[in-house]
Amino acid sequence: MATLKDISEELGLSPATVSRALNGFPEVNAKTRDKVQAAAQRLGYRPNRTAQRLVTGRSGMVGMIVKIRPDLSADQTFVEILTGLTAALAARDTDLVLAVDQDPDPVAAYRKMLERDILDGFILNAPVPQDPRVDFLTQQGVPFVMHGQCRKDADYPFYSIDNQSVTAEAVGLLTALGHKRIALLNGDLDHAYSADRLAGFAAAMRQANLRVPGAFMVAEAPSENYGYSHALAMLAGQHGPAPTAFICASTLIAAGVMQAAADRGMSIPGDVSVVAHDDALPLTRAINFSPALTVTRAPLRDACTPLANMLIDHINGAEARDLQTLLRAEMIVRGSTGPAPKDGEQPWL
């Protein structure tokens, strides 16, 4: 394995200059820094973490803490994010340290990790509205990036989709098809994304002058059983006239809705239309549904490289407000949506 001395001899530079270039010191000009980094890659140089921390004060490690539910389950999207983040951080010569948390105090696990003094920053996932982790880490002066947003006036780095537009666009598609009785099967409202999707749905329905009874806006942790049980009750008329369209927070929920419709002898999209949000998870591909599922699509994997780069750039001094990305999900219309049946042209009273 190459050493700093090997690189310095290769380029005719002092070991001190090589070290400063590899560690991003501003007094080394960009041309020299690029030349040193290229030589380090060509020669197979790998930094000594202990020595690197003595020079820069940084460990080359960032953390992510995953909240575990009381039943010991984690978010079903977590493995997809973990895999992508690990690879993206490795490309920036940074390791991901993972911890799990069951403490009711949302900042306790972060406090414990900071006491160990081994991390350069954090990636925050699954934000809640007005997330207390933001104020805690800001007060501690610890760099972080958030996957999602917990408030609209964000002054921290984040990468997120516009979750209000996710449901608003779905409502727009369905109302254009003549649907007036539209139900929302949302995710758990403890999550900021679900609160935003509820707000977007409610605003779009108001704009269309359509009322939604409370029984047709439900929120739970996404699962196929959740979608099935609520859709079955709604389609059976247990809460009044049945919806002719469902907006689902995930493809898992949509799978349950479509099974409930089938068990009621109803066709999709002839009797019921279904729209879902699609995180592009391998085991629930929307294109493989029958009929193929209309979705607002935003692959989770697409967030991994931007999140990794934002955090490393923030650690290196980039301003938080220069590290904020808000994207609109892509609307893909497929076979699960169609014109409202005649009785669906009547709104809920």
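Residues numbered from 1 in each chain as written. Predicted model: local features only at pLDDT ≥ 70, side-chain atom pairs only at ≥ 80, totals over all residues. Heavy atoms only, no water.

1. Comments concerning the environment of L326
Mapping L326 onto the fold places it in strand β11 (residues 324-327). Owing to a relative accessible area of 46%, L326 belongs among the partly exposed residues under this scheme. Spatially, the C-alpha atoms of L326 and S160 are 5.0 Å apart, while their sequence positions differ by 166 residues. Leaving out residues up to four positions away in the same chain, L326 has contacts with Q149, F158, S160, I161 and D162. (Helix = DSSP H or I, 4+ residues; strand = E, 2+ residues; numbered from the N terminus. Buried < 20%, exposed > 50% of the residue type's maximum accessible area, 1.4 Å probe, protein only. Contact = heavy atoms within 4.5 Å.)

2. Some thoughts on helix α12 (residues 304-315)
The first and last C-alpha atoms of α12 sit 17 Å apart over 12 residues, in line with the 16 Å expected at 1.5 Å per residue. If you follow the buried residues of α12, they end up packed against β1 (61-67), α5 (78-90), β3 (122-124), β4 (144-147), β5 (158-161) and β11. (Expected span 1.5 Å × (residues − 1).)

3. Remarks on the nonpolar core
Judged by nonpolar contacts, the single largest core of 43 residues is most densely connected at F246, V274 and L293. Looking at this core, the elements that each hand over two or more residues are α8 (163-176), β6 (182-186), α9 (192-207), α10 (224-235), β8 (245-248), α11 (251-263) and β9 (273-278). With 7 residues, α11 is the largest single contributor of residues to this core. Contacts of V274, omitting those with residues within four sequence positions, involve F246, C248, A254, V257, M258, I268, L293, T294, S336 and T337. Counting residues in each nonpolar core, the second largest holds 24 residues, with V66, I81, L96 and I315 among its members. (Core = buried A, V, L, I, M, F, W, Y, C linked by side-chain atoms within 4.5 Å.)

4. Comments concerning unusual backbone geometry
The amide bond that connects I268 to the next residue, P269, takes the cis arrangement and shows omega of 10°. One can find P269 in the loop between α11 and β9. Put simply, S290 and P291 share a cis peptide bond, and its omega is 0°. In this structure, P291 sits in the loop between β9 and β10 (294-297). Even without a glycine there, the phi angle at A126 is positive, about 50°. Position of A126 relative to the elements: it lies in the loop between β3 and α7 (132-140).

5. Describing the pairing of β4
Burial along β4 is two-sided: the residues F144 and M146 and V145 and H147 are all buried. Sheet topology places β3 next to β4; 3 bridges connect them, and they run parallel. Across the sheet, F122 pairs through a bridge with F144, a residue of β4. Crossover handedness for the path β3 to α7 to β4: right-handed. As defined by bridge partners, β4 adjoins β5 across 2 bridges and the pair is classed as parallel. Directly across from H147, in β5, lies its bridge partner Y159. (Pairing = 2+ DSSP bridges. Right-handed = clockwise from strand over helix to strand, strands pointing away.)

6. Examining the domain arrangement of the chain
Taken domain by domain, the chain comprises domain 1 (4-47), domain 2 (61-161 + 301-326) and domain 3 (163-299 + 331-340). If you average the C-alpha positions of domain 1 and of domain 3, the two centres end up 55 Å apart. (Domains from an automatic or database assignment.)

7. Details of the environment of E10
Tracing the sequence through the fold places E10 in helix α1 (residues 4-11). Sequence separation of E10 and L96 is 86 residues, and the distance between their C-alpha atoms is 32 Å. Among all residues touching E10, those that are not within four sequence positions of it are R42 and L43.

8. Digging into the side chain of D101
Residue position: D101 is located in strand β2 (residues 95-101). For D101, the side chain forms a polar contact with the main-chain nitrogen of D103, separated by 2.9 Å. For D101, the contacting residues outside a window of four places in its chain are I65, V66, K67, I68 and A109. (Polar contact = N/O pair within 3.5 Å; in protein donor to acceptor, adjacent residues only side chain to side chain.)

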